[in-house]
Amino acid sequence: MIDTPFTRSFGLKHAIALAPEPGLAAGGLAAAVADAGGLGLIGCGSEDAEWIAAEFAKTGETAVGCGLSCSALEEDPARLEAAIEGRPRAAYMYDGDPRSHAKTLHSARVRIICEVRDLDDAKRAAEAGAHVIVARGTDAAGQPGPHTLFSLVPEL
């Protein structure tokens, strides 16, 4: 067991989180990571509410979280409702402004993890009450953005 603020915060045995990659991180994989002592996250992406509910159902009693695209939540708020009904231990927010969803997540006692690509994103994440901030530079799988990870971290 590795004792870090991250492991203590989420009650983990290992400082490992499954990247909530849409199309890859489904309910079964998220549950396996959680059962092994890490933070399992379902990659909900732009999937509909029915798919999200089905993937949470596949986790059984294992506590997992989910990755939620802020822009997809704006298109269909039912996605957030479905995720909350799955009782996620965390919501990994990316691709947009998490502030409009933060109150709902905090009310449901869901810990918020925000992916940021620049200082403005980090400020919005802090305003949303993020428990964890993840820096994502342009060197992360060719993602667009103004900074590589090595220039982003010092700025944050």
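Here we summarise the structure given alongside this text. (Residues numbered from 1 in each chain as written. Predicted model: local features only at pLDDT ≥ 70, side-chain atom pairs only at ≥ 80, totals over all residues. Heavy atoms only, no water.)

1. Focus: the pairing of strand β4 (residues 111-116)
The line we're drawing: Per-residue accessibility, obtained with a 1.4 Å probe over protein chains only, is compared with the maximum for each type, and a residue is labelled buried under 20%, exposed over 50%, and partly exposed between these values. The helix and strand labels rest on DSSP assignments: H or I over at least four residues marks a helix, E over at least two residues marks a strand, and numbering proceeds from the N terminus. In this scheme, strands are said to pair when DSSP sees at least two bridges between them. Crossovers are marked right-handed if the path from the first strand over the helix to the second runs clockwise, as seen with the strands pointing away from the viewer.
In terms of residue burial, β4 counts as a mostly covered element, since five of its six residues are buried. One ladder, built from four bridges, connects strand β3 (residues 90-94) with β4; its direction is parallel. Bridge assignment links Ala91 to a residue of β4, and that residue is Ile112. Handedness of the β-α-β unit built from β3, helix α6 (residues 99-107) and β4 comes out right-handed. In the sheet, β4 pairs with strand β5 (residues 132-135) via four bridges, with the strands oriented parallel. Bridging across to β5, Glu115 finds its partner in Val134.

2. Details of α6
Spelled out, the test is: Taking the helix axis as origin, the arc is that swept by the directions to the C-beta atoms. Note on definitions: a residue-residue contact is assigned when non-hydrogen atoms from the two residues lie within 4.5 Å.
Within the sequence span of α6, burial applies to His101, Ala102 and Leu105. Looking straight down α6, one finds that the buried residues subtend no more than 120° of arc, so they occupy a single side. Every exposed residue of α6 that faces more than 90 degrees away from the buried side is listed here: Ser100, Lys103 and Ser107. Summarising the contacts, the buried residues of α6 are in contact with α4 (70-75), α5 (78-85), β3 and β4. A positive phi of about 60° marks Arg109, the residue just after α6.

3. So, helix α3 (residues 49-57)
Here α3 has its buried residues at Ile52, Glu55 and Phe56. Taken around the axis of α3, the buried residues stretch over an arc of 100°, which confines them to a single face. Residues of α3 that are exposed and point more than 90 degrees away from the buried face comprise Glu50 and Ala57.

4. A short note on the environment of Gly23
The residue Gly23 is located in the loop between α1 (5-10) and α2 (27-35) in this model. When the C-alpha positions of Gly23 and Ser46 are compared, they lie 9.8 Å apart, and in sequence the two are 23 residues distant.

5. Thoughts on a nonpolar patch on the surface
As a reminder, the rule being used: Patches in this entry comprise residues that are over 30% relatively accessible and not in a salt bridge; like charges within 9 Å are linked, as are nonpolar side chains (Val, Leu, Ile, Met, Phe, Trp, Tyr) within 5 Å. Areas reported as accessible are Shrake-Rupley estimates using a 1.4 Å probe. Residue values count occlusion only from the protein chains shown. Each reported salt bridge corresponds to a side-chain nitrogen of Lys or Arg within 4 Å of a carboxyl oxygen of Asp or Glu.
Residues Leu149, Phe150 and Val153 make up a contiguous nonpolar surface patch of roughly 320 Å² in combined accessible area. The topology assignment puts Val153 in helix α8 (residues 149-155). A relative accessible area of 48% places Val153 in the partly exposed class.

6. Examining the layout of surface pockets
Condition: Grid points spaced at 1 Å and placed over the protein atoms alone form the basis of the search, with a cavity being a set where a 1.4 Å probe fits but cannot get out and a pocket an open set showing protein on both sides within 12 Å along at least five of seven lines. Lining residues have an atom within 4 Å of a point. Grid points are joined across faces, edges and corners, and a volume is the space filled by probe spheres set on the points. In the scheme used here, Gly and all other residues not listed as nonpolar or charged are polar, with Ala, Val, Leu, Ile, Met, Phe, Trp, Tyr, Cys and Pro taken as nonpolar and Asp, Glu, Lys and Arg as charged.
In this structure, the largest pocket encloses a volume near 280 Å³. Contributions of two or more residues to the lining of the largest pocket are made by β3, β4 and β5. For the lining of the largest pocket, the per-class residue count stands at 13 nonpolar, one polar and five charged. Computed from the structure, the second largest pocket encloses a volume of approximately 200 Å³. Forming the walls of the second largest pocket are 13 residues, and the residues nearest its centre are Phe56, Thr59, Gly60, Gly86 and Arg87. If you list the elements that add at least two residues to the lining of the second largest pocket, you get α3 and α5. With three residues, α3 is the single largest residue contributor to the lining of the second largest pocket. The residue inventory of the lining of the second largest pocket, partitioned by class, reads six nonpolar, four polar and three charged.

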